[in-house]
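Structural characterization, general
Okay, here's what each chain looks like letter by letter:
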Amino acid sequence: MPNAIRIHRHPLSGHSHRVELFAKLGGINHELVDVDLLAGEHKKEPFLSLNPAGQVPVIEDGETAIADSNAILVYLARKYAPDWLPTDPVREAEVQKFLSLAAGDIAHGPATARLITVFGAQLDADRAKAVAKSAFDRLETHLNGRDWLVGTSPSIADVAIYSYTAHAPEGNVSLGDYPNIRALLAQVEVLPGFVPMQSTKVGLAA
């Protein structure tokens, strides 16, 4: 790939981090473009021409612009790192299930809890922590006897759930009762090319 993919991101965004992380793990040539969310850069041109929803991340791959972190993961895997997305229909469906979990209960659970502590969002912390517990309980059970979420090797499913799960303590969501989840996070963290997300000393991570 002669030209670098441009990843428009914010360093404290877990959605952005999962794209950056996968680009590194997949050996995909890329450059990071920071978007100043505090200044409202994401709600103005030229950013809105890339993503009318005004959200990070967005990638530019030549003339192609793609928004939504999970859609980006699928695109990058299909085009540049096919080993990270199974072609077997059953396993591909399993990956999709975890992408949905990342967009659903992970986003409304640990990610929302972290929005409250890191960014001061006026949201329901108790509900977010309850959703996080439900999601993590299911993940913990699923991981019994498994090294990875799908199959016997890492996939974009693991990447999709990593960032907000690893940083759940910042939102006062403990991972203490989830040894299988902690083991999965540790497995991701020793993969060649792993890059951490910027941490914030708040909540249980203070």
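Above this text you will find the structure in question.
Residues numbered from 1 in each chain as written. Predicted model: local features only at pLDDT ≥ 70, side-chain atom pairs only at ≥ 80, totals over all residues. Heavy atoms only, no water.

It is worth spelling out the overall build of the protein chain at this point. Per the secondary structure count, the protein chain includes seven helices and four strands. Each helix (α) and strand (β) of the protein chain, taken in turn from the N terminus, gives the series β-α-β-α-β-β-α-α-α-α-α. For the protein chain, the C-alpha radius of gyration of 16 Å lies close to 17 Å, the compact-globule estimate for 206 residues. Taking the principal axes of its C-alpha atoms as reference, the protein chain extends roughly 45 × 40 × 25 Å. Burial statistics for the protein chain: of 206 residues in total, 48% are counted as buried. Contacts in the protein chain between residues at least 24 apart in sequence constitute 68% of all its contacts with a sequence separation of at least 6. Of note, the protein chain has its 18 positive side-chain charges centred 3 Å away from the centre of its 24 negative side-chain charges. (Helix = DSSP H or I, 4+ residues; strand = E, 2+ residues; numbered from the N terminus. Rg over C-alpha atoms; globule rule 2.2 N^0.38 Å. Buried < 20%, exposed > 50% of the residue type's maximum accessible area, 1.4 Å probe, protein only. Contact = heavy atoms within 4.5 Å. Lys, Arg positive; Asp, Glu negative; His and termini not counted. Charge placed at Lys NZ, Arg CZ, Asp CG, Glu CD.)

Pairing in this open sheet of four strands is mixed, and the strands run β2-β1-β3-β4 from one edge to the other. Either end of the sheet is taken by a strand with one partner, and the two such strands are β2 (30-34) and β4 (64-67). With direction set aside, neighbouring strand axes in the sheet form an average angle of 20°. As paired elements, strand β1 (residues 5-9) and β2 share five bridges and run parallel to each other. Looking at β2, one finds that Ile5 is bridged to His30. (Pairing = 2+ DSSP bridges. Axes fitted to C-alpha atoms, helices over the stretch in contact; angles between N-to-C directions.)

Moving on, we come to the layout of surface pockets. Taken as a whole, the largest pocket holds about 690 Å³ of empty space. Residue lining of the largest pocket: 28 residues in total, with Ser13, His15, Gln55, Val56 and Tyr164 positioned closest to the centre. At the level of secondary structure, the elements contributing two or more residues to the lining of the largest pocket comprise α1 (14-25), α3 (69-80) and α4 (89-119). If you tally residues by element for the lining of the largest pocket, the top one is α4, at seven residues. Taken together, the residues of the lining of the largest pocket sort by class into 13 nonpolar, eleven polar and four charged. (1 Å grid on protein atoms, 1.4 Å probe; cavity = no way out; pocket = protein on both sides within 12 Å on 5 of 7 lines; lining within 4 Å. Points joined across faces, edges and corners; volume = space filled by probe spheres on them. Nonpolar A, V, L, I, M, F, W, Y, C, P; charged D, E, K, R; others polar.)

Its location among the elements puts Thr165 in helix α6 (residues 156-166). Residues within four places of Thr165 in sequence aside, it is in contact with Ile106, Phe136, Leu175, Ile181 and Leu185.

Once that is clear, we can look at the packing of aromatic side chains. Inspection of every chain in the model, using the stated rule, returns three aromatic pairs. Between the aromatic rings of Phe22 and Trp84, the centroid separation amounts to 5.5 Å while the plane-to-plane angle is 75°, which identifies the pairing as edge-to-face. Of this pair, Phe22 sits in helix α1 while Trp84 sits in the loop between α3 and α4; the two residues are 62 residues apart in sequence, bridging distant segments of the chain. Classification of Phe22 as buried rests on a relative accessible area of 0%. Each ring, one from Tyr162 and one from Phe194, has its centre 5.6 Å from the other, and the planes form 85°; the classification is edge-to-face. Taken together, the residues Tyr162 in helix α6 and Phe194 in the segment after α7 (179-189) connect sequence positions 32 residues apart. Here Tyr162 falls in the buried class, since its relative accessible area comes to 4%. (Phe/Tyr/Trp six-rings, centres within 6.5 Å; stacked < 30°, edge-to-face > 60°.)

At a minimum axis separation of 10 Å, α3 and α6 run at an interaxial angle of 150°. Classified by the interaxial angle, the pair formed by α3 and α6 is roughly antiparallel. Crossing hand, α3 versus α6: right-handed. On α6, the residues touching Asn70, Leu73, Val74 and Ala77 of α3 are Ile156, Val159 and Ala160. For the contact of α3 with α6, the per-class residue count stands at six nonpolar, one polar and no charged. (Parallel < 35°, antiparallel > 145°, perpendicular 65-115°, else oblique. Left-handed = near helix turned anticlockwise from the far one by under 90°.)

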